[in-house]
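Okay, here's what each chain looks like letter by letter:
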Amino acid sequence: MRRVLLALAISLVVTDTAAAQIIRPPARSGQASAWTSLSIGWLQQQGLCDRNSNDCWDFGSGPQWRASLEMPMGFGGTTVGLVGTIAKMPLIYNGSALSTNSCAGCDADATVSQVMANVRMGGGLGFHQVVDLSAGTTMFSNFRASNGGAKLGTGKMTQDFTFAVAYGFGYGMSPRTQFFFTQEFALLFLPRVAGSNSNTAQQATLRLGARYGLGGK
């Protein structure tokens, strides 16, 4: 009987030692190591004039797509990253007498896109506030007449420094899935154009989107 008990005790010690030596992967906390988002908004772009061609663009409004890639800062749900937007915007094209590929008061459209650095504050489960601060460039390109699609302007892309701030609300369905609704206001800083009293233009965008956490820590 003693031999049986001794053998059983040795077996238990060996089993515990072997189990302790097994390397187990660290448990995932559920915290994302990066975030990506996709949203659609309704963009209102204030009219402006191009210094290179002296043409003026009286923009309307239209849908805008926005995507982001963000990295968490480790406190309060704050992330930093890059955002990109793109929209095909309707406008009235008012060409100057100096322009060759132009028209006077004709219907047209153009591509309005952005690349910006972004700081986002707010996140977590349930309802929460969202603040976005962005700075980068807005690009105007591919101007074409609505009737026939003829190219307008110089054909060169126009770029303007842009600063934007957005405020709204989000809802976290899980630690990795969030939905948000924000109102963004942006200010574009333009080169000084002769005869113009202002070198800025404004944007306003009402946006609805979703975020998803990538990876894990």
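Residues numbered from 1 in each chain as written. Predicted model: local features only at pLDDT ≥ 70, side-chain atom pairs only at ≥ 80, totals over all residues. Heavy atoms only, no water.

1. Quick look at the pattern of salt bridges
Here is step 1: Here the structure, examined in full by the defined rule, presents three salt bridges.
Here is step 2: For the salt bridge of Glu 70 with Arg 211, the shortest nitrogen-to-oxygen distance reads 2.6 Å. Of this pair, Glu 70 sits in strand β4 (residues 61-72) while Arg 211 sits in strand β10 (residues 200-214); the two residues are 141 residues apart in sequence, bridging distant segments of the chain. For the pair Glu 70 and Arg 211, one class covers both residues: buried. (Salt bridge = Lys/Arg side-chain N within 4 Å of Asp/Glu carboxyl O. Helix = DSSP H or I, 4+ residues; strand = E, 2+ residues; numbered from the N terminus. Buried < 20%, exposed > 50% of the residue type's maximum accessible area, 1.4 Å probe, protein only.)

2. A word on the state of the cysteines
Here is step 1: For the structure shown, the criterion picks out two disulfides.
Here is step 2: Between the sulfur atoms of Cys 103 and its disulfide partner Cys 106 the distance amounts to 1.6 Å. Cys 106 matches Cys 103 in its accessibility class, with the two residues each being buried.
Here is step 3: When the bonded cysteines of the chain are numbered from the N-terminus onward, they pair as 1-2, 3-4. (Disulfide = S-S within 2.5 Å.)

3. Considerations on empty space enclosed by the protein
In this approach the atoms are scanned with a rolling probe the size of a water molecule, which exposes any empty space left behind.
Here is step 1: Under the definition given, this model contains one cavity of 30 Å³ or more.
Here is step 2: Taken as a whole, the largest cavity holds about 30 Å³ of empty space.
Here is step 3: In this structure, the largest cavity is lined by Gln 64, Arg 66, Val 83, Thr 85, Gln 114, Met 116, Ser 134, Glu 184 and Arg 207.
Here is step 4: Elements with a minimum of two residues in the lining of the largest cavity: β4, β5 (79-94) and β6 (104-121).
Here is step 5: Partitioned by chemical class, the residues of the lining of the largest cavity number two nonpolar, four polar and three charged. (1 Å grid on protein atoms, 1.4 Å probe; cavity = no way out; pocket = protein on both sides within 12 Å on 5 of 7 lines; lining within 4 Å. Points joined across faces, edges and corners; volume = space filled by probe spheres on them. Nonpolar A, V, L, I, M, F, W, Y, C, P; charged D, E, K, R; others polar.)

4. Side note on the layout of surface pockets
Here is step 1: Each pocket or cavity is described by its volume, and for the largest pocket that value is around 260 Å³.
Here is step 2: Lining the largest pocket are 19 residues, and of these Gln 31, Trp 35, Gly 77, Gly 124 and Gln 178 sit closest to its centre.
Here is step 3: Counted by class, the lining of the largest pocket contains six nonpolar, 12 polar and one charged residues.
Here is step 4: The calculated volume of the second largest pocket comes to roughly 200 Å³.
Here is step 5: Along the wall of the second largest pocket there are 18 residues; nearest its centre are Asn 142, Phe 143, Leu 152, Gly 155 and Lys 156.
Here is step 6: Ranked by residue count, the leading element in the lining of the second largest pocket is strand β7 (residues 126-145), at five residues.
Here is step 7: Across the lining of the second largest pocket, the residue classes break down as six nonpolar, eight polar and four charged.

5. Notes on the packing of aromatic side chains
Here is step 1: In the structure shown here, the tally under the stated rule is eight aromatic pairs.
Here is step 2: Its guanidinium or amino end placed over the ring of Phe 180, Arg 120 lies 4.9 Å from that ring's centre, counting from NZ or CZ.
Here is step 3: The positively charged end of Arg 211 is found above the aromatic ring belonging to Trp 35, 4.5 Å away from the centroid. (Phe/Tyr/Trp six-rings, centres within 6.5 Å; stacked < 30°, edge-to-face > 60°. Lys NZ or Arg CZ within 6 Å of the ring centre and 35° of its normal.)

6. Quick word on unusual backbone geometry
Here is step 1: One non-glycine residue, Asn 142, adopts positive backbone phi at about 55°.
Here is step 2: For Asn 142, the location among the structural elements is in strand β7.

7. Overview of the pairing of β5
Sheet faces and side chains relate simply in a regular strand, where the side chains alternate between the two faces.
Here is step 1: Judged from the four bridges that link them, strand β3 (residues 56-59) and β5 form a sheet pairing that is antiparallel. Its bridge partner being in β5, Asp 58 is matched across the sheet by Ile 92.
Here is step 2: In this structure, β4 lies alongside β5, joined through nine bridges in antiparallel fashion. What sits directly across from Leu 69, in β5, is Leu 82.
Here is step 3: The turn linking β4 back onto β5 is made up of six residues, and Gly 74 within it adopts a positive phi angle of 95°.
Here is step 4: Sheet topology note: the β5/β6 ladder contains 16 bridges and is antiparallel. Paired with Thr 85 across the strands is Gln 114, a residue of β6. (Pairing = 2+ DSSP bridges.)

8. Overview of the confidence of the model for the chain
Here is step 1: Averaged over all residues, the pLDDT of the chain equals 85, while 82% of them reach at least 70.
Here is step 2: With pLDDT under 50 throughout, residues 4-9 is counted as low confidence; its partners more than four residues away or in other chains account for zero contacts. (pLDDT = per-residue confidence, 0-100. Contact = heavy atoms within 4.5 Å.)

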